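# A look at the structure
Chain by chain, the residues run as shown.
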Amino acid sequence: MAELYEHRLKRLRMRSMRRGIKEMDIILSAFADDHLAEMSDAELLQYDSLLNENDQDLYQWVTGQHSPPDELADLVTRIAVQFQDKNA
């Protein structure tokens, strides 16, 4: 059975809040709250894939310390821009 849209959003929000490091909890939960509802199915699938990545890697990508994989670069850039805007 396919996952209901509402359940998918709730699951992704929870996974965004319950990370390994607090910094990623804050960054990803803010992004999820602001953007998940407007994302396409393909974008949600990509975000779900991003959530499987290691928090230390994610943090380094979002903060510009390292480049993300090509398939996640656009999404990481969106997250990084929001993170920088909120901290400016």
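Our subject is the structure that appears above.
Here we summarise the structure given alongside this text. (Residues numbered from 1 in each chain as written. Predicted model: local features only at pLDDT ≥ 70, side-chain atom pairs only at ≥ 80, totals over all residues. Heavy atoms only, no water.)

### Section: helix α3 (residues 41-50)
- Those residues of α3 lying buried are L44, Y47, D48 and L50. Looking straight down α3, one finds its buried side chains confined to an arc of 155 degrees; they lie on one side. Turned more than 90 degrees off the buried face of α3, the exposed positions are A42 and L45.
- Among the structural elements, α1 (5-17), α2 (22-35), α4 (55-62) and α5 (73-86) are those in contact with the buried residues of α3. (Buried < 20%, exposed > 50% of the residue type's maximum accessible area, 1.4 Å probe, protein only. Helix = DSSP H or I, 4+ residues; strand = E, 2+ residues; numbered from the N terminus. Arc of directions from axis to C-beta. Contact = heavy atoms within 4.5 Å.)

### Some thoughts on the packing of α2 against α5
- Look at α2 against α5: their axes get within 10 Å of each other, and the N-to-C directions meet at 100 degrees. The orientation of α2 relative to α5 falls into the category roughly perpendicular. Each of I27, L28, A30, F31, D34 and H35 in α2 lies in contact with α5, whose residues at this interface are L75, R78, I79, Q82, F83 and K86.
- Residues that form the contact of α2 with α5 fall into these classes: 7 nonpolar, 2 polar and 3 charged. (Axes fitted to C-alpha atoms, helices over the stretch in contact; angles between N-to-C directions. Parallel < 35°, antiparallel > 145°, perpendicular 65-115°, else oblique. Nonpolar A, V, L, I, M, F, W, Y, C, P; charged D, E, K, R; others polar.)

### As for α4
- Every buried residue of α4 is listed here: D55, L58, W61 and V62. Along the axis of α4, the buried positions cluster into a sector of 125 degrees, meaning they face one direction only.
- Capping the start of α4 is the job of one residue whose side-chain oxygen sits 2.7 Å from the backbone nitrogen of Q56: N54.
- Where α4 ends, the next residue or the one after it, G64, has phi of about 80 degrees, a positive value. (Polar contact = N/O pair within 3.5 Å; in protein donor to acceptor, adjacent residues only side chain to side chain.)

### Things to note about the side chain of Q82
- With respect to the helices and strands, Q82 occurs in helix α5.
- Of the polar contacts made by the side chain of Q82, one reaches the side chain of D34; its length is 2.8 Å.
- Leaving out residues up to four positions away in the same chain, Q82 has contacts with A30, F31, D34 and H35.

### Considering the environment of L45
- Tracing the sequence through the fold places L45 in helix α3.
- What makes L45 exposed here is its relative accessible area of 55%.
- Taking the C-alpha atoms as reference, L45 lies 11 Å from L9; in sequence the two are 36 residues apart.

### Re the pattern of salt bridges
- Within this structure, the stated rule accounts for 8 salt bridges.
- Between E3 and R11 there is a salt bridge, with its nearest N and O atoms 2.8 Å apart.
- R11 gets classed as partly exposed once you look at its relative accessible area, which sits at 27%.
- Several salt bridges converge on common partners, so that one network encompasses E3, R11, R15 and D48. (Salt bridge = Lys/Arg side-chain N within 4 Å of Asp/Glu carboxyl O.)

### What to know about the nonpolar core
- Residues L28, L36, Y47, L50 and I79 are the most contacted members of the largest nonpolar core, which totals 21 residues.
- Of all the secondary-structure elements, those providing two or more residues to this core are α1, α2, α3, α4 and α5.
- Element by element, the count of residues in this core is highest for α2, at 5 residues.
- In this structure L28 touches S16, R19, Y47, L50, L51, L58 and I79, once residues within four positions along its chain are discounted. (Core = buried A, V, L, I, M, F, W, Y, C linked by side-chain atoms within 4.5 Å.)

None of the figures reported here should be taken as evidence of function without further support.
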